[in-house]
Amino acid sequence: MILMTFPTVPNSKILQVTLTLSNYPILAKKIRRRMRELLFVKGIIGPDVLEEEVERKAIATQQAEGLVDPIRQESEEDWQERLNLIRDYLTDFYFAYNMPFSTLKEIIQEAINENRSGPPMEIVPTFNPELAPWYLLFEQAEKYATYPPEMFEAVKHHYREIIVVLVKGQISDQLAFVRIAREFIDIFDLKEIKRRKIGRGKIGGKAAGMYLAYKILTRPEEDDEFNLNEYLAIPETYYLGSDVFYNFTRINRLAFSTSHKYRSREEIEREYPRLKETYMSGRFPEDIVEKLRQLLEQLGKTPLIVRSSSLLEDNFGSAFAGKYDSYFLPNQGTTEENLQALLRAVALIYASVLSPDALFYRQIQGLDDYDERMAILIQKVEGEQHGRYYFPFIAGVGFSRNPFIWNSKLRREDGFLRIVFGLGTRAVERVEQDYPRMIGLSHPLLRPVKAAAEIKKYSQRWLDVIDLEENAFKTIPVSEVLSTDFPGVQYLASVDEGDFVRPIYSLGQPIPPEKLVLTFDNLIKNTDFVPLMKQILRKLERHYERPVDIEFTVQLIPGYPKPGLRITLLQCRPLSNQVWADDVPLPANVAAEDRLFTSARLVSQGVVERIRYIVFVDPETYHNIPEPSTRLEIARVIGRLNQRLEGQNFILIGPGRWGSSNIELGVKVTYADIYNTRMLIEMAMNRNGVTPEVSYGTHFFQDLVESRIYPLALYPEDPEAIVNMEFFQNAPNLLPELLPRDAAYAPYVKVIDVQQVSRGKLLRVVMNAEEGKAIGYLHRYDPMRREAR
């Protein structure tokens with residue numbers, strides 16, 4: 001017998017109702033649920049207010065019972081039972097205090113009648129899902145999900161509404177995402193996400209994109225060549241909810257930092273190091289620390305990656321590629337050491353919300369007024385142990401549309417991959433003097449380069465790994481781990497035979513490690529890798545209704561006559577529909593004196609009209625600068641010109657690799673220094689052997705794509721190319737006029753007013769990827785006609 005005792009009600013007598021339901025716990029649960037629904041509908045108490053009171057009273061009962069360490073002394077099951085008992089008590093209390101006894105009788109009778117006759121064909125919820133507590137939504141949706149098909153048909157619209165509310169509350173409230181997610185994510189997916197989440201709030205954009213893409217890909221469809229359930233996985237993942245970020249800033253009194261985004265650029269850059277230190281010294285809520293400790297004990301000594309997953313990341317129209325930090329944790333120390341490393345990584349990611357690059361990106365995208373919150377992904381690193389090192393067989397990034405047509409046979413719609421041996425950091429970042437394998441999926445064996453010397457030059461020589469003995473992330477030579485004894489070496493490498501590079505046909509004879517060249521040729525030709533990746537990218541683009549990019553790893557599974565593959569999806573980002581320009585014909589009969597430059601290598605697709613200014617950093621002059629401080633300051637000058645020329649059509653031409661972390665190889669700019677330019681042109685520095693790197697597929701490339709900045713490489717010593725160095729070197733320099741305080745840097749940085757130098761002409765750049773050619777030339781425009789940007 002369940003006894004419900006009601007307190008004194010104003011102007012009423014004490015009500016005591018005894019329900020003979022002790023043998024019918026399901027019926028009692030249904031009655032109280034409907035009592036709560038009515039309380040919510042009448043506005044007597046809100047769902048959140050009730051749940052807060054339930055939790056507060058539950059903690060008070062723990063204290064009254066003398067529990068000094070509740071998290072350790074009470075199991076999760078006991079805690080949930082405690083919450084249920086107190087929730088029922090408060091339901092009785094508020095109902096007796098505010099509702100007539102006749103209403104309770106009606107609820108009881110309705111529940112008993114329904115229990116006798118079974119569920120009706122049409123069930124109308126008596127609560128508003130937008131206001132109801134989550135436990136009620138999960139309970140109701142799970143009930144709907146168990147209905148037979150004919151009954152589910154009658155309630156599926158109610159089920160969808162609950163799914164949408166839970167997706168918006170737990171995953172993402174971006175409506176473009178929700179519209180797709182409601183078709184693929186069910187209540188059991190949401191329940192599993194909830195089980196793996198620490199703290200309240202959403203799991204963020206990166207987590208949302210990964211999970212939705214996995215659900216899309218693993219639902220079989222008629223035109224699927226492969227059953228992706230047999231090939232695809234996502235990492236073992238846990239989530240730190242976005243509200244933990246709020247709690248962290250609250251208890252560390254960091255609320256003042258939220259207005260940091262409205263400071264000037266100079267203030268943002270100056271204050272960020274101090275803010276970062278403040279975040280790093282912050283403390284976390286004790287319950288969060290304890291749950292993270294328990295998670296580490298559960299996972300054991302397996303390498304982890306801690307990844308940002310802000311509410312804005314991987315959004316439709318703003319990918320935030322590389323803007324927030326992620327950290328590899330070898331996780332080989334004691335539990336306490338590993339915990340401190342984890343907390344430090346989370347604090348650093350929280351601090352990256354205020355980094356100059358992230359804030360400037362938000363300003364440019366019109367998102368600076370958005371209340372950005374940071375959720376966290378904690379994932380096992382995909383890979384295997386090889387001696388002291390841990391890394392995946394292959395990692396990479398894939399685009400559903402090929403941004404880089406280096407041969408007329410390639411089809412843009414079939415996609416593009418950029419893959420590496422080892423951890424994927426070398427696939428998504430620009431690295432020095434090292435190159436991933438680029439694959440146009442329509443013709444995967446067509447390379448951007450052909451000669452054996454070029455194949456060797458533009459190959460990967462270093463790989464990123466986790467050193468389990470030193471408990472550290474490291475970069476090591478490929479030759480340190482790759483030999484004929486390495487599992488699957490024949491799918492990774494080819495053999496350098498001097499004048500040519502040949503695949504590995506047999507492992508009968510040892511091959512010296514120095515003769516192995518990472519080409520991935522046998523992986524491409526003799527496994528299902530290429531058709532699998534084409535299906536994955538095509539399917540995602542179809543359901544997202546726009547181009548996407550993904551990050552992934554690949555593990556080889558021994559098999560005959562060909563090995564099996566396991567592809568682990570790490571990330572999925574929707575891209576702008578405006579990325580891919582239409583074909584633009586190259587101009588014919590351009591006068592020789594009007595040609596400023598041409599290129600026939602690594603050409604993208606598009607046209608840039610009416611360029612008024614060229615910001616030029618001469619490669620030879622830059623190479624001869626002796627002081628590192630001067631090279632670093634040149635990047636800052638570029639940044640100030642980026643601001644000064646805002647609203648003007650200008651391009652950047654400079655040595656080696658824009659954005660290189662090595663100042664010997666190029667100007668060390670960030671996205672915040674270049675976002676107003678129309679083109680980023682890299683000129684080969686042949687004196688020290690530095691050539692422009694193909695950045696297609698990197699986070700750096702994503703920045704260019706989203707800002708409609710075209711990349712181009714120039715090779716002055718290429719006999720087929722034209723670079724009019726006389727024009728660049730002899731043109732007057734406007735730098736002292738535009739930035740008087742930076743006049744001292746005029747020997748290194750030149751600003752050319754094209755219109756002034758060419759007597760009214762402007763620069764026009766046409767890039768035709770199908771022909772693999774580009775030309776920049778002086779053109780006299782009709783003043784009455786304006787071309788689209």
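Predicted model, so just to flag it, every value in this text is computed and none were measured. (Residues numbered from 1 in each chain as written. Predicted model: local features only at pLDDT ≥ 70, side-chain atom pairs only at ≥ 80, totals over all residues. Heavy atoms only, no water.)

Trainee: Describe the packing of helix α7 (residues 149-170) against helix α9 (residues 187-195), listing the residues and the values that go with them.
Mentor: Following both chains from N to C, one finds α7 and α9 inclined at 25 degrees, their axes separated by 10 Å at the closest point. Comparing the axis directions of α7 and α9 gives the class roughly parallel. By crossing handedness, the relation of α7 to α9 is classed as left-handed. Within the contact between the two elements, α7 uses Y159, I163, L166, V167 and Q170 and α9 uses I187, L190, I193 and K194. In terms of residue class, the contact of α7 with α9 is made up of seven nonpolar, one polar and one charged. (Axes fitted to C-alpha atoms, helices over the stretch in contact; angles between N-to-C directions. Helix = DSSP H or I, 4+ residues; strand = E, 2+ residues; numbered from the N terminus. Parallel < 35°, antiparallel > 145°, perpendicular 65-115°, else oblique. Left-handed = near helix turned anticlockwise from the far one by under 90°. Contact = heavy atoms within 4.5 Å. Nonpolar A, V, L, I, M, F, W, Y, C, P; charged D, E, K, R; others polar.)

Trainee: Which residues make up the sheet that holds strand β17 (residues 501-503), and what values do they have?
Mentor: In spatial order, the strands read β17-β16-β18; together these three strands make up an open sheet with antiparallel pairing. Of all strands in the sheet, those with a lone pairing partner are β17 and β18 (516-518), marking the two edges. Strand-to-strand twist in this sheet, taken as the mean axis angle between neighbours without regard to direction, amounts to 45 degrees. Pairing of strand β16 (residues 493-496) with β17, which is carried by three bridges, proceeds in the antiparallel orientation. Within the sheet, the bridge partner assigned to S494 lies in β17 and is P503. (Pairing = 2+ DSSP bridges.)

Trainee: Give me the lowdown on the pattern of salt bridges, citing residues and values where you can.
Mentor: Per the stated rule, a full pass over the model turns up 54 salt bridges. Between R200 and E55 there is a salt bridge; the shortest N-O distance is 3.0 Å. Here R200 is found in the loop between β3 (197-198) and α10 (205-217), whereas its partner E55 is found in helix α2 (residues 47-64), with 145 residues between them in sequence. Overall, the relative accessible area of 52% leaves R200 in the exposed class. On the basis of relative accessibility, which here comes to 32%, the residue E55 falls in the partly exposed class. Ionic pairing is found between D414 and K534, a salt bridge with its closest N-O pair at 4.0 Å. (Salt bridge = Lys/Arg side-chain N within 4 Å of Asp/Glu carboxyl O. Buried < 20%, exposed > 50% of the residue type's maximum accessible area, 1.4 Å probe, protein only.)

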